[in-house]
Amino acid sequence: MKTKRSTKLMFALAGSLLAIGNTQAQQTQSQRDSLLSLQRNAISMITPGEGKAAGQSGFWGYAFGDYAYMAKGDSAGRGTKQQYKGLGAGPAVNGAQNLNPNAFEIRRAYLGYDYMINKHFSAYALLAYEGDQDVSDNRTVYMKYMYVKWKNIFKGSDLKIGQQATNSFASAYNTEPLLGYRAVEKTIMDMHGVDGSSDMGLTLEGRIWTSHAMDTTQVPLFIGYSAMIGDNSGNNPVAGFTGNATSLSGATITSTSTSTTTSSVVGTYTTVTTTKTSAVLNPFNETTDNAKKIRFNAYVNCLNTALTVGIYGDYINYGNSYYGTATGYQHAVMTQKVYAAYNQKWFGIGVEWFAQTMTNGEVEATYNNTTGKVTNDTTTAEQTGMSIFAHGTIIPSTLNIFARYDMYTADNKFSYTYDAASTLANHASEAFSEGFSNTSGVTPYKETFINAGLDWTPTKDKKVHIMPNVWYYGIKNAYGSDNLANANYMLYRVTFLFAFN
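What you see is a predicted model, and the numbers here were worked out from it, not measured in a lab.

## Overview of the overall build of the protein
The number of helices and strands found in the protein is six helices and 19 strands. Long-range pairs, those at least 24 residues apart, make up 65% of the contacts in the protein with a sequence separation of at least 6. Working note: accessible area of the protein is about 24500 Å², and carbon and sulfur atoms make up 58% of it.

Encoded structure:
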């Protein structure tokens, strides 16, 4: 099975981590300083919740956004969870999609404060805007991080308690800081909602082992780790545990939305559509009230900080789920990930691979050609993805080039076999009801992502970046030409980033 093979791959990589010796890159002190300066630019080294230099208190922040012009979109609005999903698909005018939507927009704005209480304790707070809106469509901020760190709770390890970055991709020596270009796009796991970037919980992190290098100008090889237990509720409070949530549980609210369509084909006219929807406020949720998510990341950093190789895994068991029967089925989710990144003065390259399985998380409907009936049974869902990224220096401290290529499968268990007699959709012999919350229904598509561009830094401190880039997202339809055709999103963007700290 694929899960067994991927588990063996993880153990093999873990063995290779321990087999790496004390080999160190032969760099001069000035080269090392240049490398550290490159790594600590405004994009890659503003660690979430720790924007000031170690041992300092103060405000810090950054923001990024783009001018984006859509050259092409998918008329069906497909895609899993990428940021432009549905853009350009409508509202339709005489059967045509919106032509070339474009806009200036800020995608993220951070304002944080780090406070060094004493040599043992420090506190971190961060407010964030990431596309959220209030009922009047005004931009809103929310509490992204709020935690306290107990430094050196025992030798070489720190303890963090509160709302904080998860160690699935957003923590130090993980793929988000190693990739370096978060302002351009999320990492593959973040992009597809495989895990949240933050969670409420407890983290113990530090170094398992550090070598004793003879050359004091070199950063010694070390093996680090990060272990976290959390609610798996992201930035949402767990209803019933915040005081006010109890009185609101079960209450409903009705929202009204209005859309306007203008035609330039047969004259100008306006159509107003009013939609009313209701939602339950702060319902109690057995998922976050009872189950806890365990995350673990281990990595080796060597070659004078240039090379990082790591493994990651998480597990959450929701207990038994009942699919309309008295029989309960264990419902659990497990993620596996391996990654490696090499970053030096002139170039960097990295790769990340993950697989996530959901035990009994999917319902498989099978058409029986003999009886003409459809039977349902639970099965294990699986999503997988791989990302390859690279950057290079054209003009030192001024101009870089970057590129990235992703491959993603939202449902690795999906297969399509045509049966003319089948009563299932598209005359499929079997159909799957996707269980992953991030995929939002059956998504049997193979998806690819390509991003490439230039990174111009007009200031010596690298706190301002202007990055023209091409953003491409391809969708390969699993049903073939008898259904919706393959499609893609194509955008041309000028991304900007500025930081202050």
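## Digging into the pattern of salt bridges
Under the counting rule described, the total for this entry stands at 14 salt bridges. Among the salt bridges present, the one from Glu-352 reaches Lys-337, with a minimum N-O distance of 3.3 Å. Of the two residues, Glu-352 is situated in strand 13 (residues 347–367) and Lys-337 in strand 12 (residues 329–343); the sequence distance between them amounts to 15 residues. Lys-337 matches Glu-352 in its accessibility class, with the two residues each being buried.

## Focus: the side chain of Asp-114
With respect to the element layout, Asp-114 can be found in strand 2 (residues 102–116). Assessed through its relative accessible area of 1%, Asp-114 is described here as buried. Among the polar contacts listed, one links the side chain of Asp-114 to the side chain of Trp-60, at a separation of 3.1 Å.

## Topic: the nonpolar core
Core analysis: the biggest nonpolar cluster contains 27 residues, and Tyr-62, Tyr-110, Met-189, Phe-354, Met-467 and Leu-497 have the highest contact counts within it. Elements that contribute at least two residues to this core include exactly strand 1 (58–72), strand 2, strand 3 (121–129), strand 4 (142–154), helix 4 (188–191), strand 15 (399–409) and strand 19 (487–500). Sequence-distant contacts of Tyr-110, defined by excluding residues within four places in its chain, comprise Trp-60, Gly-61, Tyr-62, Leu-126, Leu-127, Ala-128, Glu-130, Lys-144 and Phe-500.

## Let's talk about the packing of aromatic side chains
Under the defined criterion, the tally for this structure stands at 17 aromatic pairs. Ring geometry for Tyr-173 against Phe-222: centres 5.4 Å apart, planes inclined by 85°, an arrangement best described as edge-to-face. Linking Tyr-173 in the loop between strand 5 (157–165) and helix 3 (175–179) with Phe-222 in strand 7 (residues 222–230), this pair joins segments that are 49 residues apart in sequence. Residue class for Tyr-173 comes out partly exposed when judged on its relative accessible area of 30%. Residue classification places Phe-222 among the buried residues on the basis of a relative accessible area of 1%. Centre to centre, the rings of Tyr-342 and Phe-347 are 5.9 Å apart; their planes meet at 50°, and the pair counts as tilted. Tyr-342 sits in the partly exposed class, given a relative accessible area of 26%. According to the relative accessible area criterion, Phe-347 is partly exposed, its value standing at 36%. One aromatic cluster in this structure is built from Trp-60, Tyr-62, Phe-64 and Tyr-110. A cation sits over an aromatic face here: Lys-337 above Tyr-312, 6.0 Å from the ring centre.

## Notes on the environment of Asn-174
Looking at the secondary structure, you find Asn-174 in the loop between strand 5 and helix 3. Along the primary structure Asn-174 and Thr-308 are separated by 134 residues, whereas in three dimensions their C-alpha atoms are 8.4 Å apart. When near neighbours in sequence (up to four residues on either side) are disregarded, Asn-174 contacts Asn-167, Ser-168, Phe-169, Asn-297, Lys-337 and Tyr-339. At 3.5 Å, the side chain of Asn-174 forms a polar contact with the side chain of Asn-297.

## Re the environment of Met-189
By the element assignment, Met-189 lies in helix 4. A residue is classified by how much of its surface remains accessible, and Met-189, at 0% relative accessible area, is buried. In this structure, the C-alpha to C-alpha distance between Met-189 and Glu-352, residues 163 residues apart in sequence, is 9.3 Å. Those residues within four positions of Met-189 in sequence are excluded, and the remaining contacts are Ser-168, Phe-169, Val-194, Asp-195, Tyr-312, Thr-335, Lys-337, Glu-352 and Phe-354.

## Describing the pairing of strand 4
Pairing between strand 3 and strand 4: eight bridges, direction antiparallel. When the bridges of strand 4 are listed, Leu-126 appears paired with Tyr-145. Looking at chain direction, strand 4 and strand 5 are connected through six bridges and run antiparallel. Opposite Val-148, over in strand 5, you have Ile-161 as the bridge partner. Hairpin remark: strand 4 followed by strand 5, antiparallel, with two residues in the connecting loop; positive phi at Gly-156, about 85°.

## What to know about the confidence of the model for the protein
Mean pLDDT over the protein: 78, with 71% of residues reaching 70 or higher. At the low end of the mean pLDDT range in the protein sits helix 2 (residues 29–39), at 40; at the high end sits strand 7, at 97. Per-residue pLDDT stays below 50 along residues 16–49; that stretch engages in 82 contacts with residues further than four places along the chain or on separate chains. In this model residues 257–272 is a low-confidence stretch, pLDDT under 50, and it forms 26 contacts with partners more than four residues away in sequence or in other chains.

## Overview of the pairing of strand 17 (residues 446–456)
Only one face of strand 17 is covered, namely the face carrying Glu-447, Phe-449, Asn-451, Gly-453 and Asp-455; the face carrying Lys-446, Thr-448, Ile-450, Ala-452, Leu-454 and Trp-456 is uncovered. With eleven bridges joining them, strand 15 and strand 17 adopt antiparallel strand pairing. Bridging from a neighbouring strand, Thr-409 pairs with Lys-446 of strand 17. The sheet contact formed by strand 17 and strand 18 (residues 464–476) spans nine bridges and is antiparallel. Directly across from Phe-449, in strand 18, lies its bridge partner Tyr-473.

## Focus: the side chain of Asp-195
Secondary-structure assignment places Asp-195 in the loop between helix 4 and strand 6 (198–210). A distance of 2.8 Å separates the side chain of Asp-195 from the side chain of Ser-168, its partner in a polar contact. When sequence neighbours within four positions are dropped, the list of residues in contact with Asp-195 reads Thr-166, Ser-168, Phe-169, Met-189, Asn-232, Lys-293, Arg-295 and Tyr-312.

Basis of the calculations
Residues numbered from 1 in each chain as written. Predicted model: local features only at pLDDT ≥ 70, side-chain atom pairs only at ≥ 80, totals over all residues. Heavy atoms only, no water. Helix = DSSP H or I, 4+ residues; strand = E, 2+ residues; numbered from the N terminus. Contact = heavy atoms within 4.5 Å. Areas by Shrake-Rupley, 256 points an atom, 1.4 Å probe, with all protein chains shown as cover. Salt bridge = Lys/Arg side-chain N within 4 Å of Asp/Glu carboxyl O. Buried < 20%, exposed > 50% of the residue type's maximum accessible area, 1.4 Å probe, protein only. Polar contact = N/O pair within 3.5 Å; in protein donor to acceptor, adjacent residues only side chain to side chain. Core = buried A, V, L, I, M, F, W, Y, C linked by side-chain atoms within 4.5 Å. Phe/Tyr/Trp six-rings, centres within 6.5 Å; stacked < 30°, edge-to-face > 60°. Lys NZ or Arg CZ within 6 Å of the ring centre and 35° of its normal. Pairing = 2+ DSSP bridges. pLDDT = per-residue confidence, 0-100.

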